[in-house]
Amino acid sequence: MNGKQITKLGFEKKAIKLALAAAGQREKAGLSRHEILDELQAVQANPQAYLTGGVYAELATELTSQQEAQQARQTAALRPTPLPYRVWGEDLIEPGARTQMDVAMQLPISRAGALMPDAHVGYGLPIGGVLATQDAVIPYGVGVDIGCSMRLSVLPLKPDSLTTDEARKLLLKHTRFGAGVSFEKSFRGDHEVLHEGTWRDQPVLRHLHDKAAEQIGTSGSGNHFVEFGTLTLPQADLGLEAGEYLAVLSHSGSRGFGAQVANHFTKLAQALHPTLDPAARKLAWLPLDTEEGQAYWQAMNLAGRYALANHDLIHARLARALGVQPAASVGNSHNLAWRQRVGEHDLIVHRKGATPAEQGQLGLIPGSMADPGFVVRGRGNPDALASASHGAGRQMGRKAAANTLAKRDVQAYLRERGVTLIGGGIDEAPQAYKRIENVIARQGDLVDVVAQFTPRVVRMDTGSEDV
DNA sequence: ATGTTC
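This is a predicted model, so every value here is computed, not measured.

Glancing now at the layout of surface pockets. Each pocket or cavity is described by its volume, and for the largest pocket that value is around 1,100 Å³. Per-element accounting of the lining of the largest pocket gives the leading share, three residues, to helix α9 (residues 255-272). Split into classes, the residues belonging to the lining of the largest pocket amount to 15 nonpolar, 20 polar and seven charged. Approximately 240 Å³ is the volume attributed to the second largest pocket. Lining the second largest pocket are 12 residues, with E12, L63, Q66, Q67 and Q70 positioned closest to its centre. In terms of residues, the lining of the second largest pocket owes the most to one element, helix α4 (residues 57-76), which gives six residues.

Turning our attention to the protein's contact with DNA strand B. Contacts to DNA strand B come from 17 residues, most closely from V144, A179, G180, S221 and N223. At the protein interface, 68% of the atoms of DNA strand B within 4 Å belong to sugar or phosphate. Here a phosphate oxygen of DNA strand B sits 3.0 Å away from a polar atom, N or O, in the side chain of R255. Listing elements by their share of the surface near DNA strand B, those giving two or more residues are α8 (203-215) and α9. Top contributing element to the surface near DNA strand B by residue count: α9, with four residues.

To continue, consider the domain arrangement of chain A. Taken domain by domain, chain A comprises domain 1 (3-74) and domain 2 (140-459). Computed over C-alpha atoms only, the centres of domain 1 and domain 2 are separated by 58 Å.

Bringing the pairing of strand β11 (residues 345-352) into the picture now. Counting buried residues in β11 gives six out of eight residues, a clear majority hidden from the surface. Examined bridge by bridge, strand β10 (residues 335-342) and β11 share eight bridges and lie antiparallel to one another. Each residue of the ladder has a partner; that of L336, found in β11, is R351. Once β10 ends, the chain turns through two residues before running back antiparallel as β11, passing G343 with a positive phi of about 60°.

Let us look at the nonpolar core. Membership of the largest hydrophobic core comes to 55 residues, with the highest contact counts inside it found for M116, L152, L231, L238 and V375. When residues in this core are grouped by element, the largest group, six residues, is from strand β17 (residues 447-460). Beyond its immediate sequence surroundings of up to four residues, L231 is in contact with L152, V154, L238, G243, E244, Y245, A247, V375, A451, Q452 and F453.

Moving on to the sheet that holds β10. Taken in spatial order, the five strands line up as β1-β2-β3-β11-β10 in an open sheet, and their pairing is mixed. Every interior strand has two partners, whereas the edge strands, β1 (86-87) and β10, have only one. In the sheet, strand β3 (residues 127-133) pairs with β11 via five bridges, with the strands oriented antiparallel. Counterpart to T133 in the pairing with β11 is I348. Along the sheet, helix α5 (residues 95-104) contacts β1, β2 (110-120) and β3; its crossing angle with β2, the most-contacted strand, is approximately 165°. Across the sheet, helix α10 (residues 291-322) touches β10 and β11, and the angle it forms with β10 is around 115°.

Under the criterion given, the structure shown has 18 salt bridges. Between D383 and R86 there is a salt bridge, with the nearest N and O atoms lying 3.5 Å from each other. Taken together, the positions of D383 in the loop between β14 (373-378) and β15 (387-389) and R86 in strand β1 put the pair 297 residues apart, joining distant regions of the chain. In this structure R86 comes out as partly exposed when scored by relative accessible area, which is 38%. The closest approach of N and O atoms between D445 and R86, which form a salt bridge, is 4.0 Å. In this pair, D445 is assigned in the loop between α13 (436-441) and β17 and R86 in strand β1, connecting sequence segments 359 residues apart. Where salt bridges share partners, they join R394, R398, D427 and E428 into one cluster.

A few words now on the packing of helix α2 (residues 14-28) against helix α3 (residues 33-45). One can describe the packing of α2 onto α3 by two numbers: an axis separation of 10 Å at closest approach and a directional angle of 140°. Here α3 runs oblique to α2, going by the angle between their axes. With respect to the hand of their crossing, α2 and α3 are arranged in right-handed fashion. Contact residues: A19, A23, R26 and E27 in α2; R33, I36, E39 and L40 in α3.

Analysis parameters
Residues numbered from 1 in each chain as written. Chains lettered and ligands numbered in written order. Predicted model: local features only at pLDDT ≥ 70, side-chain atom pairs only at ≥ 80, totals over all residues. Heavy atoms only, no water. 1 Å grid on protein atoms, 1.4 Å probe; cavity = no way out; pocket = protein on both sides within 12 Å on 5 of 7 lines; lining within 4 Å. Points joined across faces, edges and corners; volume = space filled by probe spheres on them. Helix = DSSP H or I, 4+ residues; strand = E, 2+ residues; numbered from the N terminus. Nonpolar A, V, L, I, M, F, W, Y, C, P; charged D, E, K, R; others polar. Near = heavy atom within 4 Å. Polar contact = N/O pair within 3.5 Å; in protein donor to acceptor, adjacent residues only side chain to side chain. Domains from an automatic or database assignment. Buried < 20%, exposed > 50% of the residue type's maximum accessible area, 1.4 Å probe, protein only. Pairing = 2+ DSSP bridges. Core = buried A, V, L, I, M, F, W, Y, C linked by side-chain atoms within 4.5 Å. Contact = heavy atoms within 4.5 Å. Axes fitted to C-alpha atoms, helices over the stretch in contact; angles between N-to-C directions. Salt bridge = Lys/Arg side-chain N within 4 Å of Asp/Glu carboxyl O. Parallel < 35°, antiparallel > 145°, perpendicular 65-115°, else oblique. Left-handed = near helix turned anticlockwise from the far one by under 90°.

Printed below as a string of C-alpha cells:
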C-alpha cells in the first residue's frame, strides 16, 4: 500500500498519513490490498460510523473535521454575482454604498433587497439598505443603534404659542445629549420596559439593565435631536383638521444598551463564520435556529422597545411641561429587523436606516437640523420590500464636513430659515446632507407626503466642532 | 452611534 493509491481515493492532507498508518495495520492483520482499499472507501463514505474506536478511529476523526470545515466554507461562500435589487434615486447615491449593497446581495442567506435614495456608506450594510434574508439575522444589517427611531407629537397649540426662548428653556431642562450621558439621579424617569422579565433571560441583558435604566429618556449624540417646530397639514388627516400646529419631533435610539448588544452579537456572529469572505465580514449572520440567533432576536427587540421608551419619556416630559396632551402622534423605527412576508416566503427584513412603508403605514422622514421633515404614508411597494428612506442621507462624511464647511455658512443657513440651534456640530451641518426635496422626489412610488414639519428650535449634541 | 472599546 502506498501514498499514491491513498491520494487516488481522494484523501487529503493529514488524512493521507492516517490512512496509510491504518492500512499498514490491516496488512499486518493479513488483509489483501483490495480488501483494505474497500475498507478505506467505506470509512471515507461514512467516517461518523468509525469514530468510536478501532483502527480507523483517528482517520475518521480527521475526515469528520475536514468535512465540517468544507461545509462551513460552503455555507459561508458568497454568490458569484449579487442577486438583483432595485435602487431609488440612483443619481444621489455614491458608488461605495452600491458596492456594499452588492456584497450583501451575494450572501448565501440573502433573498431580496433594495436601496433607498438616502443611501450612503455604513458599517456592513449601507445606511438606506433594505435586506431580506432566510432564517438568519445580521447584527450589522440592523446597525449599532438598534431600534433607532422617530417620534412626532402634534400639540393642540398654535405654532406661535411658544416663544423661541421658552422652547430653548424646555429643551435644556427636559432633554439630555451626549455619549455616556444620563439624567441626574433625582430627575431620572422610569418606564415599564425597564421592568420586563426579558432583562433576566440573558447574562448580557442582566449586565446592561442598570445602564439602560440610567440613560432612559436621553437622546445620545451624532444625528439625534429633539426639536420644536411647525407642522403644516394641508388637508385633514392624522385625526386632525387641516392647519398649522406646534409639534415636537425627536430622533433617538437605544443608547449604550443597544450599542453593546450590537457589538456583542456581531462578535458572536463573526466567530460563528470564521471562513466568511473578508469582504462580507461585517455582515456575519446568526442562524435563527441557533441559541445565539434567538438570543439576538430577543435582545434586538428589547432594544427596539427601549428606544421607543426613550421617545415616550422625551415627549411626555415636554407635553407635561406645556400642560397639554398630544393631539396626534406618529412614529417609526428605522434600524431594525422584522419578520415579513416577501412574495411566497416568510423572510427577515433588515432595515438599516429605512422607514417601514407598508400600504397606509405612517412614517417620519426628517431632513436636517434646518430643513423640513415629512410625515409620510406608505404605498407598500413590493420591490422596495415596503420601505422608504429614513432621512435625507449624508452626502459628506463627518470628517469631510468638518474639513470643508465653514461655520459662518452653517450659521447663515440657520439664520435664513429662522432656526435656533442648541449644541450641534459642523459635522451635522445641513450642507453635509443631501437635499431632502430631491430625496422625497425620488420615492414618490414608495410613500405619499401627508404633512411637513418645519424645525424652529433644535437641540443636538455638541459635535466635534460647534457651529 | 457608543464612550473611551478586541
